[in-house]
Amino acid sequence: MKDKKQTVLAAASIATSIFTAASFALFEYAICRKKKQPDIRKKEKWKPYLNYVLKEQKWLYEHQEKELKTIESKDGLKLQAVYIPKENAKGIIICMHGYHSAIEIEFVPEIRFLWDLGYSILLPWQRSHGKSEGRYITYGVKERYDLKQWILYANDMLHMAQRDIFLCGISMGCATALMAAGLKLPKNVKGIIADCGFTSPWDIVKHVAKTRLHLPSFPLMYSVNFICKIFAGFGLKEVSIPEIMKQNQIPILFIHGDRDQYVPMWMTVKNYEACAGPKELYIVHGAGHALAFSKDMEEGKRWIQKFIKKYETRKRNE
């Protein structure tokens, strides 16, 4: 009897150890900063567009100011951004990149186009990415406050207070922008271009754990959520974008590719349906994750230009 009890206790101890290890492994995979910087030349999905992207990267490097823009987050992190000024700009477009990505990857295909519309461009590295400080990625929960800081910086330091601000986000950057819509933002924030965003940190981590890592959501997600609260200072269920959208009045252009295997399209549809303010939905057929603009540039340009012209102040006052 004693041996049986010891065997059961040993098995329970092993199972607990495995579960704990799996929980911390998922936390490390999903939440912690990656040491290695992303290289677009090694990403399979970008191969059809690589030559164009490399050409546009060169344009970005040639037109950006050499000195990076810097702010301090509310929790003391040094955050940095690239700035591309436009002479006699109508305003500024602040572009937030996605999870484990960089400013010179996802937005590069459309940066020159956005700049040609008459806007200066600000490209922040989100916390725990690139040249910004931070150890943990919070899927927009803390990043939304960073974005508000960048908006205030644009108004105060880049002299945009009397000009229009548009927010543009891809994937987690989209979630950051949509979550920021729930904060009290300056009135010159005129619209959000929301490309392939998720509904909540809980939903996207659960989806990735299941589809990519083949891990069960219960009880693993609850353990990871507890670890997030202890170490990273946020909860995976802390923010729901559909709930924010129910009170939102900022115009939003929702974009998603119907071949997205990373952030499922239903998440954007759910955000769109919940949005109480002016809204448009553009689905790009055949586009994978974060590739909507690259897949069909001409149609993407048409949607984005139409959206910006519809809500920009200068255009309406002419």
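Residues numbered from 1 in each chain as written. Predicted model: local features only at pLDDT ≥ 70, side-chain atom pairs only at ≥ 80, totals over all residues. Heavy atoms only, no water.

K.L.:
Can you help me understand the overall build of the protein chain in this one?
P.N.:
The number of helices and strands found in the protein chain is 12 helices and 8 strands. In terms of overall size, the protein chain behaves like a compact globule, its C-alpha atoms giving a radius of gyration of 21 Å where 318 residues would be expected to give roughly 20 Å. Considering only C-alpha atoms, the protein chain reaches an extent of 90 × 40 × 40 Å along its principal axes. At a minimum sequence separation of 6, the contacts of the protein chain that also span at least 24 residues come to 77%. Here the protein chain displays about 15200 Å² of accessible surface, and carbon together with sulfur accounts for 53% of that area. Charged side chains in the protein chain number 49 positive and 33 negative. The centres of these two groups are separated by 4 Å. (Helix = DSSP H or I, 4+ residues; strand = E, 2+ residues; numbered from the N terminus. Rg over C-alpha atoms; globule rule 2.2 N^0.38 Å. Contact = heavy atoms within 4.5 Å. Areas by Shrake-Rupley, 256 points an atom, 1.4 Å probe, with all protein chains shown as cover. Lys, Arg positive; Asp, Glu negative; His and termini not counted. Charge placed at Lys NZ, Arg CZ, Asp CG, Glu CD.)

K.L.:
Hey, could you run me through the pattern of salt bridges in this one?
P.N.:
If charged atoms from side chains of opposite charge come close, those side chains can pair. Counted according to the given criterion, the structure contains 11 salt bridges. In this structure, Lys90 engages Glu312 in a salt bridge whose closest nitrogen and oxygen atoms are separated by 3.4 Å. Of the two residues, Lys90 is situated in the loop between strand 2 (78-84) and strand 3 (91-96) and Glu312 in the loop between helix 11 (297-311) and helix 12 (313-317); the sequence distance between them amounts to 222 residues. Residue Lys90 is classed as partly exposed on the basis of its relative accessible area of 23%. Using a relative accessible area of 2% as the deciding quantity, one classes Glu312 as buried. Residue Lys301 is joined to Glu298 by a salt bridge in which the shortest nitrogen-to-oxygen separation is 4.0 Å. Placement of the pair is Lys301 and Glu298 together in helix 11, with a separation of 3 residues, close to one helical turn. On the basis of relative accessible area, Lys301 is assigned to the partly exposed category, the value being 23%. (Salt bridge = Lys/Arg side-chain N within 4 Å of Asp/Glu carboxyl O. Buried < 20%, exposed > 50% of the residue type's maximum accessible area, 1.4 Å probe, protein only.)

K.L.:
Could you clarify how one ought to interpret the sheet that holds strand 8 (residues 279-284) in this entry?
P.N.:
Adjacent strands of a sheet pair through backbone hydrogen bonds, lying either parallel or antiparallel. As summarised here, the arrangement of the 8 strands in space is 1-2-4-3-5-6-7-8, forming an open sheet in which the pairing is mixed. One side of each edge strand has no neighbouring strand; the edge strands of this open sheet are strand 1 (69-72) and strand 8. Within this sheet the neighbouring strands show an average axis-to-axis angle of 20 degrees, counted without direction. Strand direction decides the pairing type here: strand 3 and strand 5 (residues 164-170), joined by 6 bridges, are parallel. Across the sheet, residue Cys95 finds its bridge partner in strand 5, namely Cys168. Here helix 2 (residues 50-63) sits on the sheet and contacts strand 2 and strand 4 (119-124); the angle it forms with strand 2, its principal contact strand, is near 100 degrees. On top of the sheet, helix 4 (residues 143-157) reaches strand 1, strand 2, strand 3, strand 4, strand 5 and strand 6 (189-195); it is set at about 125 degrees to strand 1, its chief contact. (Pairing = 2+ DSSP bridges. Axes fitted to C-alpha atoms, helices over the stretch in contact; angles between N-to-C directions.)

K.L.:
Even after reading the chapter, I still don't get the pairing of strand 8, so can you show me in this structure?
P.N.:
The side chains of a regular strand alternate between the sheet's two faces. Residues Glu280, Tyr282 and Val284 point to one face of strand 8 and are all buried, whereas Lys279, Leu281 and Ile283, pointing to the other face, are not buried. With 6 bridges connecting them, strand 7 (residues 252-257) and strand 8 associate as parallel partners. Directly across from Leu253, in strand 8, lies its bridge partner Glu280. Once the chain exits strand 7 it traverses helix 9 (residues 265-274) before rejoining the sheet at strand 8, and the crossover so formed is right-handed. (Right-handed = clockwise from strand over helix to strand, strands pointing away.)

K.L.:
Whenever I open this one, the side chain of Asp260 confuses me. Can you help?
P.N.:
Along the chain, Asp260 falls in the loop between strand 7 and helix 9. We note that Asp260 is buried and unpaired, the nearest opposite charge coming from Arg212 at a distance of 6.9 Å. Among the polar contacts made by the side chain of Asp260, one reaches the main-chain amide nitrogen of Val263 at a distance of 2.9 Å. Not counting the four nearest positions on each side in its chain, Asp260 is found in contact with Cys196, Ala287, Gly288, His289 and Ala290. (Polar contact = N/O pair within 3.5 Å; in protein donor to acceptor, adjacent residues only side chain to side chain.)

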